[in-house]
Amino acid sequence: MLREEWRLHRSFVGAVGSGFFPVMIFFFSLVLAATSPVLLRKMDVSLVLLVLHVSAALYGLGVGALAQIGEQVMTRRLGQVNMLLQLPALQPVRFRTVMGVFYVKDAVFYILYSIIPLVGGIAAAVPLSRITPGGVALLFVTVLLTFMLGMGLSFLLSAVALRSRAAAAAVALAIAGLVALVWPLRLLVPGQVLLPLGYWETQNSLYLLSAAAFALLLSAAAVLLMKERFAPPGRRFRGALLETERRFAFSKGLSALVAKEWLELRRSGALGPVFSGFLGPLLGVYAVIWLFRSGLGLPLEFNVVFYGGMLGFLGLMTYSWLTNIEPNEFLNVQPVGVDEVVRAKLVLYFLLTTPVSLVYLVAIGALNGECAYLPLAALVGLSTMVYVAAVTGRMTGLRANTMLFDAAVLGRFAAAIVPPLIAVTLASFLVRTAFWPAAAALGALSVCLLAASRYLLAGIGPRWSRSAFGI
Amino acid sequence: MPVITTEGLGRRFGDFEALREVSLSVEKGEFFGLLGPNGAGKTTLVRILTGQLEPSRGRASTMGMGPDDPIGIKRRIGIVPEAESPPTFLTAQEFLELVCRIREVPDVGARVDRWLGFFQLEDKRDVLCRDLSKGQRQKAMLAAAFIHEPELLILDEPFINLDPIFQRRLREYLQGVVAGGRTVFMCSHILEIVEKLCTRVAVIHQGRIVAQGKLDQIRQTEGEGLEDIFMRLVEGRNGDACGGRPAG
């Protein structure tokens, strides 16, 4: 399975791209660790450890959504491709056995692919920083255990969700309750929930042993709860394509494809993840800022214009989801180019995210008492959304989630996205103190982003029209 | 008037040469069969002719268009690919409607009803394509290739997964297509069907056309069946290098 995973990655982004990703993580953490003496003058080491472990837990949560994607892998995403995960359909192997092996494979793969390069970068910076080799080894253990806890928890949640959505919601609520005991209730310290972090707080090895035991327990429970049969019962739908197409008539030549995308989105059950993939990070950004400001007492002044700038940059996940629903292999024999489907997905992306974005901005404007800034925030939000979508569509086509693993593509993507993000963020900080200069700068920036978007959108045709559909 | 021509066509995948010096011509109104063992290069050739793949060298023309105009080619022809893969979350009816709308053909409802009826899929019209059986999915792919009544049909193993009733029904339909002056280019392993239907055949082996012409032209002895011809050309070539008549 490991070999299959590696070949799959290579088929998506090429051997160089696949191999370059861990190299990039290595250098990223090397630079951060090497500059840690400067960073630690501004930030407490406990805050750095907290951020690192929370990130590892979230990464594990993302990787561990196995059971949920299991059905998708088997029935849609890979189309005609047969994965080892599909063995139980034809061979006398239990699905939970294959999923157990798949889980171990995923854990090993992502540890090798990202955790080891991350800690390796820190280890390489030992001579340049005040970090000791023993500290690096310990950090590897605690980050690894945190990642495994996140992965196990996510795996368990998705296995429970396959049996009962209500039970899964209850488990998720219990976890949220546990987190709430730390923030904002402050009845527990972070290390009492994120056990590996507890070791750093107390130096008590029991935290490490408990974390290892919990990680094993969660994954074992998930494997045991795994359903043997994934094949859903056949579903019927009254023909809705032509009627839906009429509703999207404004998209002119793309209306049939937009209608197809919309029906697939609804019927695949991806509408929820698409919405939460957009709304979640938006709420997350607000929550983190609120936490730092209210919980940690940091004087952060993020206004509604800043949040407007975040809209586009956080929409990437949504576009990525939209490209994951259907491989569209049948379109290889129809007079349709990949570029047309990319455009149809972009239309749907804007239809889905624009109302959410508007409600989000108005809500934040009202909460912060900054309604006067809303027009500027809306302009910044619109231009960043269009720009990021144009960059993503142009650079990744229908393979957003895989092509961004290609270090070359990721590098170009970051070069296109990060400078405008920094410029928008910095200019937004000036809104309260120097409104007109800030508004002029943000207006000019928005015009530039929209002009660049037009160029990028026009480039989608030449870049993708000759590509083939499929994974 | 040829609707398909290739000259010295070649295609490489890394070190592997999938097609070598393929030259053939298919005239309007012909029922042309392409035969060859697994991995001979049939699907590669079909993908080049249908604008899905660019050749490494040589020239190809389908309905007067080259591989540099894939949308133009696909607009003019009907294609059944080697593997059936209709859209996962559209129903059979919606799949055909989508194809009609993409191809901008009139009378969508009537056409869809006709082809659902032809393949006896009326009671499956509201079922998601992913929940259809393999045979039903193949029927949906065939209907999607026929629905705009193109001048040229390029079919890669069209009879696969069809029961004998629909094999016969498809055979009769394709004979009617050719009788009406349209053209069929078909790859198939079912030699019995090829022998019954095709007016001309080509045999491809290891990326080369090893024989091409009417059945009478590539027979070595009176009464030699297509299966014998195929075995001689493919196995004989492997064993003692004695091929059939040269391509041309």
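Residues numbered from 1 in each chain as written. Chains lettered and ligands numbered in written order. Predicted model: local features only at pLDDT ≥ 70, side-chain atom pairs only at ≥ 80, totals over all residues.

(A) Molecular detail of the overall build of chain B. In terms of helices and strands, chain B carries nine helices and nine strands. Computed over C-alpha atoms, the radius of gyration of chain B comes to 18 Å, within 12% of the 18 Å expected from 2.2 N^0.38 for 248 residues, which places it in the range of a compact globule. Its C-alpha atoms put chain B at 55 × 40 × 35 Å along the principal axes. Taking all 248 residues of chain B together, the buried fraction comes to 50%. Taking the contacts inside chain B whose residues are at least 6 apart along the sequence as the reference set, 66% of them involve residues at least 24 apart. (Helix = DSSP H or I, 4+ residues; strand = E, 2+ residues; numbered from the N terminus. Rg over C-alpha atoms; globule rule 2.2 N^0.38 Å. Buried ≥ 20, exposed ≤ 12 C-beta atoms within 10 Å, placed from the backbone. Contact = placed C-beta atoms within 7 Å.)

(B) Spatial organisation of the sheet that holds strand 6 (residues 152-156) of chain B. All names here are of chain B. Judged by pairing direction, the sheet is mixed, and its six strands sit side by side in the order 5-6-7-3-8-9 without closing on themselves. Both edges of this open sheet fall to strand 5 (77-80) and strand 9 (208-213), since each of them pairs with a single strand only. This sheet shows a mean twist of 15° between the axes of neighbouring strands, independent of strand direction. As defined by bridge partners, strand 3 (residues 31-35) adjoins strand 7 (residues 183-187) across four bridges and the pair is classed as parallel. Its bridge partner lying in strand 7, Gly 33 is registered against Met 186. Relative to the sheet, helix 5 (residues 134-146) contacts strand 5 and strand 6, its axis offset from that of strand 5 by approximately 170°. (Pairing = 2+ DSSP bridges. Axes fitted to C-alpha atoms, helices over the stretch in contact; angles between N-to-C directions.)

(C) Representation of the confidence of the model for chain A within the structure. All names here are of chain A. Scored by pLDDT, chain A has a mean of 85; 85% of the residues are at 70 or more. When pLDDT is averaged over each helix and strand of chain A, the minimum, 51, is found for helix 4 (residues 66-77) and the maximum, 97, for helix 12 (residues 241-247). Of the regions scoring below 50 in pLDDT, residues 73-82 engages in 25 contacts with residues more than four places distant in sequence or in other chains. (pLDDT = per-residue confidence, 0-100.)

(D) The arrangement of the interface of chain B and chain A in detail. In this complex, chain B contributes 30 residues to the contact, which on the side of chain A involves 29 residues. Of all elements in the fold, only helix 2 (70-76) and helix 3 (92-103) of chain B reach the threshold of two or more residues within the side of chain B that touches chain A. By residue number, the principal contributor to the side of chain B that touches chain A is helix 3 of chain B, which donates eight residues. Class assignment of the residues belonging to the side of chain B that touches chain A gives a composition of 14 nonpolar, six polar and ten charged. (Nonpolar A, V, L, I, M, F, W, Y, C, P; charged D, E, K, R; others polar.)

(E) Quick look at the pairing of strand 8 (residues 200-205) of chain B. All names here are of chain B. Most of strand 8 sits inside the fold, with five of its six residues counted as buried. Relative to strand 8, strand 3 runs parallel, the two sharing four bridges. If you follow Phe 32 over to strand 8, its bridge partner there is Arg 200. Taken together, the five bridges between strand 8 and strand 9 define a ladder with antiparallel strand orientation. When the sheet's bridge partners are listed, Val 201 is paired in strand 9 with Gly 213. Count of turn residues in the strand 8/strand 9 antiparallel hairpin: two residues, of which Gln 206 carries a positive phi of about 50°.

(F) Fine view of the pairing of strand 6 of chain B. Residue and element names in this part refer to chain B. Counting buried positions along strand 6 gives five out of five residues, so the element sits mostly inside the fold. Note: strand 5 against strand 6, four bridges, orientation parallel. Each residue of the ladder has a partner; that of Gly 78, found in strand 6, is Leu 153. Across five bridges, strand 6 lies against strand 7 in parallel orientation. Looking across to strand 7, one finds that Ile 154 is bridged to Phe 185. Running through helix 6 (residues 164-179), the crossover from strand 6 to the neighbouring parallel element strand 7 is right-handed. (Right-handed = clockwise from strand over helix to strand, strands pointing away.)

(G) Just the confidence of the model for chain B, in detail. Residue and element names in this part refer to chain B. Considering every residue of chain B, the mean pLDDT works out to 91; 95% of them sit at 70 or more. When the criterion is pLDDT under 50, residues 238-248 qualifies, and its contacts beyond four places in sequence or with other chains add up to 19 contacts. Confidence metrics for the complex model read pTM 0.76 and ipTM 0.91.

(H) Structural context of the sheet that holds strand 2 (residues 16-27) of chain B. Residues and elements named next belong to chain B. The strand order across the open sheet formed by three strands is 2-1-4, and the pairing between neighbours is antiparallel. The open sheet is flanked by strand 2 and strand 4 (57-62), the only strands paired with a single partner. Taken pair by pair, the neighbouring strands of this sheet meet at an average axis angle of 20°, ignoring direction. Here strand 1 (residues 2-13) runs beside strand 2; their pairing, made up of eight bridges, is antiparallel. Counted as the bridge partner of Thr 6 is Leu 24 from strand 2.

(I) Main features of the packing of helix 18 (residues 374-396) of chain A against helix 21 (residues 435-458) of chain A. Residue and element names in this part refer to chain A. Two elements in contact, helix 18 and helix 21, have axes whose closest approach is 8 Å; the angle formed by their N-to-C orientations is 25°. Between helix 18 and helix 21, the interaxial angle falls into the category roughly parallel. You can see that helix 18 and helix 21 cross each other, and the crossing is left-handed. Contact residues: Leu 376, Leu 379, Val 380, Ser 383, Thr 384, Val 386, Tyr 387, Ala 390, Val 391 and Arg 394 in helix 18; Ala 439, Leu 442, Gly 443, Ser 446, Leu 449, Leu 450, Ala 452, Ser 453, Leu 456 and Leu 457 in helix 21. When the residues that make up the contact of helix 18 with helix 21 are grouped by side-chain class, the tally is 14 nonpolar, five polar and one charged. (Parallel < 35°, antiparallel > 145°, perpendicular 65-115°, else oblique. Left-handed = near helix turned anticlockwise from the far one by under 90°.)

(J) Structural view of helix 11 (residues 206-225) of chain A. Residue and element names in this part refer to chain A. Taking 1.5 Å per residue as the helical rise, helix 11 with its 20 residues ought to reach 28 Å, and the 28 Å between its terminal C-alpha atoms agrees with that figure. Of the residues making up helix 11, those classed as buried are Tyr 207, Ala 211, Ala 215, Leu 218, Ser 219, Ala 222 and Val 223. Along helix 11, the residues classed as buried sweep out an arc of 145° about the axis, all on the same side. The exposed set on the far side of helix 11, more than 90 degrees from its buried face, consists of Leu 206, Ala 213, Leu 216, Leu 217 and Leu 224. (Expected span 1.5 Å × (residues − 1). Arc of directions from axis to C-beta.)

(K) Here's a closer look at the environment of Phe 140 of chain A. Residues and elements named next belong to chain A. In this fold, Phe 140 is placed in helix 7 (residues 133-163). When the 18 C-beta atoms within 10 Å are taken as the criterion, Phe 140 is described as partly exposed. Along the backbone, Phe 140 and Arg 412 are 272 residues apart, and their C-alpha atoms lie at a distance of 30 Å.

(L) Expanded view of the packing of helix 7 of chain A against helix 8 (residues 165-182) of chain A. Residue and element names in this part refer to chain A. Remark: helix 7 packs on helix 8, axes separated minimally by 6 Å, with the N-to-C direction vectors making an angle of 150°. Classified by the angle their axes make, helix 7 and helix 8 are roughly antiparallel. Packed against helix 7, whose contacting residues are Leu 157, Val 160, Ala 161 and Arg 163, the element helix 8 presents Arg 165, Ala 167, Ala 168, Val 171 and Ala 172 at the interface. Along the lines of polarity and charge, the residues of the contact of helix 7 with helix 8 split into seven nonpolar, no polar and two charged.

(M) View of helix 4 (residues 108-118) of chain B. All names here are of chain B. When helix 4 is considered as a whole, its buried residues turn out to be Arg 111, Val 112, Trp 115 and Leu 116. Along the axis of helix 4, the buried residues cluster in a sector spanning 125°; they form a single face. Structural note: helix 4 exposes Gly 109, Ala 110 and Gly 117 on the side pointing more than 90 degrees away from its buried face. Lining the buried residues of helix 4 we find helix 3 and helix 5.

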